[in-house]
Amino acid sequence: MNFLIPKAFILILLVTVSSLSPQASLSAADKKPAAKKNAWKPLPGAEYKVYKKTDQGDLHLNIYKPADWKASDTRPAIVFFFGGGWKNGNPGQFEPHCKHLASKGMVACTAEYRIKSKHDTTPFECVADGKSAVRWIREHASELGVDPQRIAAGGGSAGGHVAACTGTVIGFEEPAENKNISSVPNAMALFNPVVDTTETGWKGGPSQLGKRCREISPIHFINKRTPPTIIFHGTADKTVLFENVERFTEQMKQNGNRCELVAYEGEGHGFFNLRKNSEDNYHSTIKKLDLFLTSLGYIEPKQ
């Protein structure tokens, strides 16, 4: 009897411990910070710097600098915002553009910003993040070797919308940021952008944004100080109709602003991306972007 009692006690103890172990593991998993789940990875060859802290995690810029960059430089800069309907996508979309423009002497960045799939946010947060990115670059111009009066914003589709909002839309400035430093870029480079989020433009605007759809509709905020802009757009785009950017371009010109609309006949949405076996449109848009930036004094003319 003396031998059996300790043995029974040990068996009961083992059963109790084993029944608790799964619950302990589950609790540990529940305590993992959401930021790790939502984190993007740095892009190869880029500096990776936090430009904004949010409740959903830190947001970074992937920064590409020219080979002969020095801290004392005052170079032009550009920041790109990826596409994906404000729901998906990643900064790698504009990695080729950044590397190319860095080779031309610019400081080129591709930005993270909050999206629905990773952060459970709305397009309104996307716009606020775009403004924060432009402001951060201007605020840190001296350490980036950047001219604060030569900062361009670019992007494609929803990212083109974010870029366009930085140069047009009023509001959506983060309360804690220094409003004495402007969040408005000095130029814009837009690839099949959403420029009208109301019932007269992109049909997904009212369905996603409801009664607030006009608040972040770039075409409704054009004024005489809207930055010079180039737009690349396919005439067969069924996601963002070509007519939308035609109206945007016309309103820009009516306000005395420079706006170049480069039409790609028969091309659909996302035609400009660098893809395997389909590089012609990418190289074509890059050449025209170079000419636009050269005309602004952001890139040195070819000798």
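Now for a quick tour of the structure. (Residues numbered from 1 in each chain as written. Predicted model: local features only at pLDDT ≥ 70, side-chain atom pairs only at ≥ 80, totals over all residues. Heavy atoms only, no water.)

### Here's the deal with the overall build of the protein
Right, on to step 1. Scanning the protein from N- to C-terminus turns up 10 helices and 8 strands.
Right, on to step 2. By residue count, 50% of the 303 residues in the protein fall in the buried class.
Right, on to step 3. Across the protein, contacts joining residues at least 24 apart in sequence account for 74% of those joining residues at least 6 apart.
Right, on to step 4. Within the structure as shown, the protein displays about 14,900 Å² of accessible surface, and the carbon and sulfur contribution to it stands at 56%. (Helix = DSSP H or I, 4+ residues; strand = E, 2+ residues; numbered from the N terminus. Buried < 20%, exposed > 50% of the residue type's maximum accessible area, 1.4 Å probe, protein only. Contact = heavy atoms within 4.5 Å. Areas by Shrake-Rupley, 256 points an atom, 1.4 Å probe, with all protein chains shown as cover.)

### Digging into the sheet that holds strand 5 (residues 146-156)
Right, on to step 1. Across the sheet, which stays open at both edges, the 8 strands sit in the order 1-2-4-3-5-6-7-8 with mixed pairing between neighbours. Of all the strands in the sheet, the pair left with one neighbour each is strand 1 (47-54) and strand 8 (259-264). Going from strand to strand, the sheet's axes swing by 20 degrees on average, the running direction of each strand aside.
Right, on to step 2. Sheet analysis places strand 6 (residues 187-191) next to strand 7 (residues 229-234), joined by 4 bridges and oriented parallel. Its bridge partner being in strand 7, M188 is matched across the sheet by T229. (Pairing = 2+ DSSP bridges. Axes fitted to C-alpha atoms, helices over the stretch in contact; angles between N-to-C directions.)

### Some words on the nonpolar core
Right, on to step 1. L61, V79, F81, Y113, I137, V146 and F248 are the most contacted members of the largest nonpolar core, which totals 43 residues.
Right, on to step 2. Among the elements that line this core, the one with the most residues is helix 5 (residues 123-139), at 5 residues.
Right, on to step 3. Setting aside residues no more than four positions away along its own chain, V146 makes contact with D73, T74, R75, A77, V107, I137, A141 and I151. (Core = buried A, V, L, I, M, F, W, Y, C linked by side-chain atoms within 4.5 Å.)

### Observations regarding a positive patch on the surface
Right, on to step 1. A surface patch of positive charge is lined by K104, K287, K288 and K302.
Right, on to step 2. With respect to the helices and strands, the residue K287 is situated in helix 10 (residues 280-295). (Patch = residues over 30% accessible without salt bridge, like charges linked within 9 Å, V, L, I, M, F, W, Y side chains within 5 Å. Salt bridge = Lys/Arg side-chain N within 4 Å of Asp/Glu carboxyl O. Lys, Arg positive; Asp, Glu negative; His and termini not counted. Charge placed at Lys NZ, Arg CZ, Asp CG, Glu CD.)

### What about helix 5?
Right, on to step 1. When the terminal C-alpha atoms of helix 5 are compared, their 24 Å separation across 17 residues agrees well with the 24 Å that a helix rising 1.5 Å per residue should span.
Right, on to step 2. In terms of burial, helix 5 is a largely internal element, 15 of the 17 residues being buried. (Expected span 1.5 Å × (residues − 1).)

### What to know about the pattern of salt bridges
Once the charged atoms of two side chains with opposite charge are near each other, the side chains can pair.
Right, on to step 1. One pass over the full model with this rule turns up 20 salt bridges.
Right, on to step 2. A salt bridge links E143 to K49, with the shortest nitrogen-to-oxygen separation between them at 3.6 Å. Taken together, the residues E143 in helix 6 (residues 141-144) and K49 in strand 1 connect sequence positions 94 residues apart.
Right, on to step 3. Take E143: its relative accessible area is 40%, and that puts it in the partly exposed class.
Right, on to step 4. We classify K49 as partly exposed; its relative accessible area is 26%.
Right, on to step 5. Where salt bridges share partners, they join K52, R114, D129 and E174 into one cluster.

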